[in-house]
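A structural walkthrough
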Amino acid sequence: MTYFEFLALFLVPPLVITATLAVRALRHREPRTSLRRFGPPTLALLIPMAWLWTAPWDSWIIQNGVWSYGEGRFVAALFHVPYEEFVFMAAQAGVAGLWAIWNLARAGEPPPRVPQLGRRVSFAVAWIAAAAAGLGLVLVDRHGTYLGATLLWFAPPLALQCAVGADLLTSHRRTRVRMLIPLLAYLAVTDRIAIGAGVWHISPASTYGFAILGLPFEEIVFFLITSLLVTNTLVLTTDPAAHARLQALRPKRRAQQTIRA
């Protein structure tokens, strides 16, 4: 199996299905105005953001031998990253985002919530600590390279999301679980198929050797964190409370500017 064949078999069908579900939900249901207004534009921005943020990490991972690809399995590469990998990044972001929009449309209007600054701070600090731990793994433990690099690179944006709205994300926890579990299961199963077919390979020297049904634990962590980034973004950008929170900051800034003047 080539990388292109893998994409055609396992990424195009879920992309078509989730796109159909999301479009029908936005057209025929009565999703809140913020979801209809901000959901599609957010998803459109997430795809180039996935390239900009993930590609440098991907290139480093490949150059350090964590990932490798079967001979003749991809067309060509840019900065050591196969062209098909860029398609995979966009497809994963697209499927995760469309799946999130469909689930948010079904969930309806979120209940009123009391702002919780302490929760936002504690969750943000936890993700910053995870990034610091990732740096330590990369520096001192060869077997921790994959896990450490994943935490170091992807935990900071999760920390930023939590600083903005960890309390809002928590209020959507049931919807987020419904988003993440099927998505993570599908990505894990198809990833295991690709590894078994020799499309790509995970270096045993860069992982701890703990596997779930033959899939390295680090791969599951990678798919969980990257999918979480996409779903969290859709939740926050379409939540009316998040928009109200940002609006509340604007008068304060103007007032501060007036005082300084």
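We now turn to the structure provided with this report. (Residues numbered from 1 in each chain as written. Predicted model: local features only at pLDDT ≥ 70, side-chain atom pairs only at ≥ 80, totals over all residues. Heavy atoms only, no water.)

**Description of the nonpolar core**
Put simply, the test is: Only buried Ala, Val, Leu, Ile, Met, Phe, Trp, Tyr and Cys residues count toward a nonpolar core, and they belong to the same one when joined by side-chain atoms within 4.5 Å. Note on exposure labels: buried denotes an accessible area under 20% of the residue type's maximum, exposed denotes more than 50%, and partly exposed covers the range between, all computed with a 1.4 Å probe on protein chains only. Here a strand is any run of E in DSSP of at least two residues, a helix any run of H or I of at least four, and the numbering for each starts at the N terminus. Whether two residues are in contact is decided by their heavy atoms: any pair within 4.5 Å suffices.
Of all hydrophobic cores here, the largest spans 69 residues; its most connected members are Tyr3, Phe6, Trp57, Trp67, Tyr146 and Trp200. Here the element with the most residues in this core is helix H4 (residues 83–107); it accounts for 14 residues. What Phe6 contacts, discounting residues up to four positions off in sequence, is Met1, Leu11, Phe88, Thr190, Ala194 and Trp200.

**Focus on a positive patch on the surface**
Test applied: Within the patch definition used here, like charges are joined within 9 Å and nonpolar side chains (Val, Leu, Ile, Met, Phe, Trp, Tyr) within 5 Å, considering only residues with over 30% relative accessible area and no salt bridge. Each accessible area is a Shrake-Rupley estimate made with a 1.4 Å probe; only the visible protein chains count as cover when residues are assessed. When a carboxyl oxygen of Asp or Glu is within 4 Å of a side-chain nitrogen of Lys or Arg, the pair counts as a salt bridge. Counting rule for charge: Lys and Arg are taken as positive, Asp and Glu as negative, and neither His nor the chain ends is counted. By convention, the point assigned to a charge is CZ for Arg, NZ for Lys, CD for Glu and CG for Asp.
A surface patch of like charges, here positive, comprises Arg106, Arg119, Arg173, Arg174 and Arg178. Tallying contributions element by element places helix H7 (residues 173–196) first for the positive patch, with three residues. Assignment of secondary structure puts Arg173 in helix H7.

**So, the packing of aromatic side chains**
Going by this rule: In summary, the pairing rule links any two rings of Phe, Tyr or Trp, Trp by its six-membered ring, whose centres are within 6.5 Å, and it sorts them by plane angle into stacked for under 30 degrees, edge-to-face for over 60 and tilted for everything else. To sit over a ring, a charge needs its Lys NZ or Arg CZ within 6 Å of the ring centre and within 35 degrees of the ring normal.
For the structure on display, the rule yields 20 aromatic pairs. Ring geometry for Trp57 versus Trp67: centroids 5.4 Å apart, planes at 85 degrees, classification edge-to-face. With Trp57 in helix H3 (residues 33–63) and Trp67 in strand S1 (residues 67–69), this residue pair connects regions lying ten residues apart in the sequence. By the burial criterion, Trp57 is buried, and Trp67 matches it. Above the ring of Trp102, the side-chain terminus of Arg106 is found at 4.5 Å from the ring centroid.

**Looking at H7**
Test applied: Under the convention used throughout, the expected extent of a helix is 1.5 Å for every residue step, that is, one less than its residue count.
With 24 residues, H7 extends 34 Å between its outermost C-alpha atoms, agreeing within 8% with the 34 Å of an ideal straight helix rising 1.5 Å per residue. The complete set of buried residues in H7 reads Thr175, Arg176, Met179, Leu180, Leu183, Leu187, Ala188, Thr190, Asp191, Ala194 and Ile195. The elements touched by buried residues of H7 are helix H1 (3–10), H4, helix H6 (145–171), strand S4 (200–202), strand S6 (215–216) and helix H8 (217–237). Looking one or two places after H7, you find Gly198, whose phi comes out positive at around 80 degrees.

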